[in-house]
Structures are given as structure tokens and as C-alpha cells.
Amino acid sequence: MNKIELFVYNRVKNNYIVKNLVRNIYQGFYDLLPNYESRFITVPIVKENCYFGFHDLNPFSEDNSKILSNKLTIPLRMPTQNDLLDVGYWGGREFSSWNKLGETHAWNYHKGCRLQWLPKERCIFNVERNGILRSEICDLDSSYTIIHWPIDTASHDGTVATSFSYERLQKMMPGYGYLFPDADSCINSPVSEGTGLYLVNLNNNTRDMVIDLKTLSLFHHEKSMDSAYHFVTHTEFSYDDRYISFLHRWYDGVNRHTRLIVYDRTTKEMYASPTTGMVSHYAWNRKGGIIAYCRVNDIDSHVYFYNYKMEKYKRCGYPKLNSDGHHHFIDNDNFVVDTYPNKYRHAMLYKVNVNTDDVTLLADVRSFKKFASPSPDMHWACDLHPRCSEDGTLISFDSVFTGKRSLCIMKLPKNNSGITKR
């Protein structure tokens, strides 16, 4: 964002209704002007009417021969309880072969059905069975195991997965949850001991509460929590699976607050980010560092926390990078991050070095107006949500630059100067 855009954003950012109104008016003016084509560091492979979803998962198989994908069966509109999403993977030369593994009614545009790899080339995703949310483990031969609860993120060793109330999430963030109720949402209670963050054992199909919302609200309590509606979302495991991170959110009307929490599975201790009201997205690297877009000392920026306690930190790429985005680490020192569409409705994809603050532009991608979410209840926008292969040679992202929601796969050169910004 330029200085004027940043000035306006800082004054409307805490009210999502006003913020979206200002954005739509501003972008609407530039819609009248000529636009320009998308540009990429390497030519992407594009799979139209497909997407993966959130940035926190690696969709590539261990040998990079397959990539998990969701395949749409409906036109651009919000899904209903009856709309199916096809689930599978692309394989073969240049990912040319589609292989369907299953289908699900439990999905949305932003986080998909939480399709993700488990060890030994198995995968897991959320499903609905007789109106009840479940999850399903399958191998590539389509042998299935039903898990009694929906999941958010599986541990790297594939033994456990996080879970929470998707009904509660849907109530507070329409388009991120599912359209099915769950028995323990405590949906009418702003804060409750009856729901919270769970851990599902994928081996014996059991579930335990990690922390309930009431206890969470009392941990480093803030005055703004008193009359607010609480929930958890966006869970991740550290690479050694010892720590579970998640966003604790509490909303009071249009006033929204978020902090990042890290839970130590060994000591049962919790740590809260030193943020002032806002954390949006984050990612772990293999040495236990966390990159997050958040507000520290009342400045919004990409902040790198050196370890799980989040006491020591530095800003990354600031002030050149001063807008929200979704992160994924290429390696311990470099991450990719996107931006939301700018005034020309173009989203940027950057590579950022944690140590040097070098920022490299990898893609400049057009987003058509019809994909802008028209209201908080109709959330079908397509964010790039970049995701990297384990070896850092491939990057996957979702895009609408062809006019259709598409899964894109792009080779990531090790040494490059990037493309020039228009």
C-alpha cells in the first residue's frame, strides 16, 4: 500500500463493514481504467475449476509427483448443503492426470475440506454423513476409514489432528466453516467450558479437549473479552509436533480481536503473542520460528517470532511490505507471501528473506471483479494462498487470472532476481 492507502486503511481497519465499503468504492474507480496482464517468474501449470485452499498445508506428495486438489462441481455461488466437491489429486507428467479419491458436502472456498497428506501416501479430508460432520482417511487405492469428528490440521507424524466447532466458526466467519451443526458447538453461548480446541487420535478414533473457551478467555485476560463471542481457528503443528498453535478470536459486533496462542503438548503450558488486537495469518518453519502478519506496538506488519514463546521478534520486509498476506516457508530462511488485490485488482506474490529482508516479486496476478466477495455472508473471494513443496522447488497457489478459479503450479528458481513491479 502507498502512504495514502495506508493512512486510510489504518483508520478503517477495525471496522470490517466500513473497510469493505471503502475498498469497493476505491477499486470501482480503477475498474474504469485499462488493466494489464498477469506476470509470473515461470509459466504456471493451470488446472481450471480446481483449487486447494488455505496456505498452511503442503499439497505436494513427498516426491513431488502428485498434488492434492479440490474440483468444483458448481458455478460461482455460495455452496449449499447439497453441493458436492470432488476430492483427488493431479499426477503424471506435468500433473496432467486427474485421480478422484472421493467427494464431500463439507467444504468452502477458503479452506476447502481440509484435504491434506498423511504419512505413507494417505490423505484425510472432512465429510458429512447423515447430517453429521466427520473426516475420512483414504489411501490412493480408495480404502477409507471414518473418523468420528471433523479435523483442521493433522500432525506431521499422522497420529493426531486438531478439531474445533465448525458451526461456531461458520457463525462468526461465514464461508470458513460448514453448513452443518455439531453437537458441542455451544452455539448460543459467547464463551463456554463445553467447547474449544480438541485433539483427535487418528489411530484409535478418540478425542480429548485441549483447552476450553472459558479457560482460554481467562488466560492473560483482556477487558475486550468480557462481552465478546469467542472461538478458535487456524491451527497448526510445529514440525516436531510438540507445539500446537492456533488463533483465539473474540468478536463484539464489528470490533474484532485476535491473538496467536502456542500450546506445549509436553508441559501443557500456553504462550500468547505480544500483539495488540490483531493476528491474521502465520506459518512455522522447521527450526521453530513463526512468521505472522500481526499488530505489535500498534504497527501492522509481517513479524518473525524466533521461537514458540514469541518473546523475541523482528519485522520482515517492512515498510516495503505493509499489507496482509498468507505465508508458507520455502526453507528456514525464506518464505512466500501474497497480498490481497490492490486498486487494479492485482494480487502480488513475494519471496522474503527473514534475515536480510530482501523482497523478490514472483508473480503479479489479476483478480476479476466477479470474484470479490460481495458481502460478509457471501465469501467466495479467491486468495492466492501460496504453498510450497517440501524441497522448495515448486509453489502452488489458487488464482482466477484466467477468469475461472484455478489451481496453479509454478517452478520456483533457486537463484533469481524476480520480475519487475509494474
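Just above, that's the structure.
Along each chain, residue indices are assigned from 1 in the same order as the chain's sequence is written. For a predicted model such as this one, the threshold for reporting local features is a pLDDT of at least 70, and the threshold for listing and counting side-chain atom pairs is 80 or more; totals across whole chains, interfaces and linings nevertheless cover every residue. With hydrogens and water set aside, each side-chain value is computed from the structure's full complement of heavy atoms.

**Quick word on the overall build of the protein**
- From N to C terminus, the protein includes four helices and 28 strands.
- Within the protein, the proportion of its 422 residues that are buried is 57%.
- Each accessible area is a Shrake-Rupley estimate made with a 1.4 Å probe; only the visible protein chains count as cover when residues are assessed. For the protein, the exposed area adds up to about 17,800 Å²; of that, 51% sits on carbon and sulfur atoms.
- The convention is simple: Lys and Arg are positive, Asp and Glu are negative, and His and the chain ends are not counted. Taken as the charge location is NZ of Lys, CZ of Arg, CG of Asp or CD of Glu. Taking the average place of the 50 positive charges on the side chains of the protein and the average place of its 47 negative ones, the gap between the two points comes to 5 Å. Helix and strand definitions follow DSSP, with helices as H or I runs of at least four residues and strands as E runs of at least two, each counted in order from the N terminus. Relative accessible area decides the class of each residue, using a 1.4 Å probe on protein chains only: under 20% of the type maximum gives buried, over 50% gives exposed, and in between gives partly exposed.

**Regarding the pairing of strand E19 (residues 290-296)**
- Of all the seven residues making up E19, seven are buried; the element is thus mostly covered by neighbouring parts of the structure.
- In E19, alternate side chains face the same way, and those of Ile290, Ala292, Cys294 and Val296 on one face and Ile291, Tyr293 and Arg295 on the other are all buried.
- By definition, two strands form a pair when at least two bridges between them are found by DSSP. Here strand E18 (residues 279-284) runs beside E19; their pairing, made up of five bridges, is antiparallel. The residue of E19 that forms the bridge with Tyr282 is Ala292.
- Counting the residues in the hairpin turn of E18 and E19 gives five residues, including Gly288, whose phi is positive at 90°.
- Two strands pair when backbone bridges link them, and E19 and strand E20 (residues 299-305) are joined in this way by seven bridges, in the antiparallel orientation. Pairing of Cys294 across the sheet is with Ser301, part of E20.
- In this structure, the hairpin formed by E19 and E20 is closed by a connection of two residues, where Asn297 is found at a positive phi of approximately 55°.

**Some thoughts on the sheet that holds strand E13 (residues 206-212)**
- Strand order across the open sheet formed by three strands is E11-E12-E13, with antiparallel pairing between neighbours. The sheet terminates laterally at strand E11 (160-163) and E13, the two strands that pair on one side only. Across this sheet, the average inter-strand angle for adjacent strands is 25°, counted without regard to direction.
- Pairing geometry for strand E12 (residues 196-201) and E13, over six bridges, is antiparallel. Residue pairing in the sheet places Leu197 in a bridge with Ile211 of E13. Angular values range over 0 to 180 degrees, each being the angle between N-to-C directions of two axes fitted as lines to C-alpha atoms, with helices fitted over their stretch in contact.

**Things to note about the pairing of E11**
- Side chains Val160 and Thr162 of E11 all project onto a buried face; the interleaved residues Ala161 and Ser163 project onto the opposite face, where all are buried too.
- Note that E11 and E12 share four bridges and pair antiparallel. The partner of Ser163 across the bridge, within E12, is Tyr198.

**Examining the pattern of salt bridges**
- By salt bridge we mean one thing: a side-chain nitrogen of Lys or Arg within 4 Å of a carboxyl oxygen of Asp or Glu. Applying the stated criterion to the full structure yields 18 salt bridges.
- Here Arg242 and Asp264 are joined by a salt bridge, their closest N and O atoms 2.9 Å apart. Here the residue Arg242 occupies a position in the loop between strand E14 (229-237) and strand E15 (243-252), and Asp264 occupies one in strand E16 (residues 255-264), the gap between them amounting to 22 residues.
- Its relative accessible area of 30% is what places Arg242 among the partly exposed residues.

**Re the nonpolar core**
- Nonpolar cores were defined as sets of buried Ala, Val, Leu, Ile, Met, Phe, Trp, Tyr and Cys residues, with membership established by side-chain atoms within 4.5 Å. Counting residues in each nonpolar core, the largest one holds 32 residues, and the members touching the most others are Phe335, Leu349, Tyr350, Val352 and Met410.
- Listed by contribution, the elements that provide at least two residues to this core are strand E23 (334-338), strand E24 (346-353), strand E25 (359-366), strand E27 (394-399) and strand E28 (406-411).
- With residues near it in sequence (within four places) discarded, Tyr350 still touches Leu321, Phe335, Val336, Val337, Thr339, Val359, Thr360, Leu361, Leu362 and Lys421. The contact rule is simple, with two residues in contact once any of their heavy atoms fall within 4.5 Å.

**With respect to the sheet that holds strand E2 (residues 45-48)**
- Spatially, four strands are ordered E2-E28-E27-E26 in an open sheet, and the strand pairing comes out antiparallel. Of all strands in the sheet, those bounded by a partner on one side alone are E2 and strand E26 (387-388).
- Sheet analysis places E2 next to E28, joined by four bridges and oriented antiparallel. Residue pairing for E28: Glu48 is matched across the bridge by Ser406.

**Considerations on the packing of aromatic side chains**
- We call Phe, Tyr and Trp rings a pair once their centres come within 6.5 Å, taking the six-membered ring for Trp, and we label the pair stacked below 30 degrees between planes, edge-to-face above 60, and tilted otherwise. A full pass over the atoms with the stated rule returns 17 aromatic pairs.
- Their ring planes at 40° and their centres at 6.5 Å tell us that Tyr51 and Tyr109 sit as a pair that is tilted. Of the two residues, Tyr51 is situated in strand E3 (residues 50-51) and Tyr109 in the loop between strand E6 (97-104) and strand E7 (116-118); the sequence distance between them amounts to 58 residues.
- A relative accessible area of 1% places Tyr51 in the buried class.

**Overview of the environment of Glu236**
- In this structure, Glu236 sits in strand E14.
- By relative accessible area, Glu236 is classed as buried at 9%.
- Distance in space between the C-alpha atoms of Glu236 and Trp284 is 8.0 Å, their sequence separation being 48 residues.
- Dropping the residues within four chain positions of it, Glu236 is found in contact with Asp56, Thr153, Tyr243, Ile244, Ser245, Tyr282, Ala283 and Trp284.

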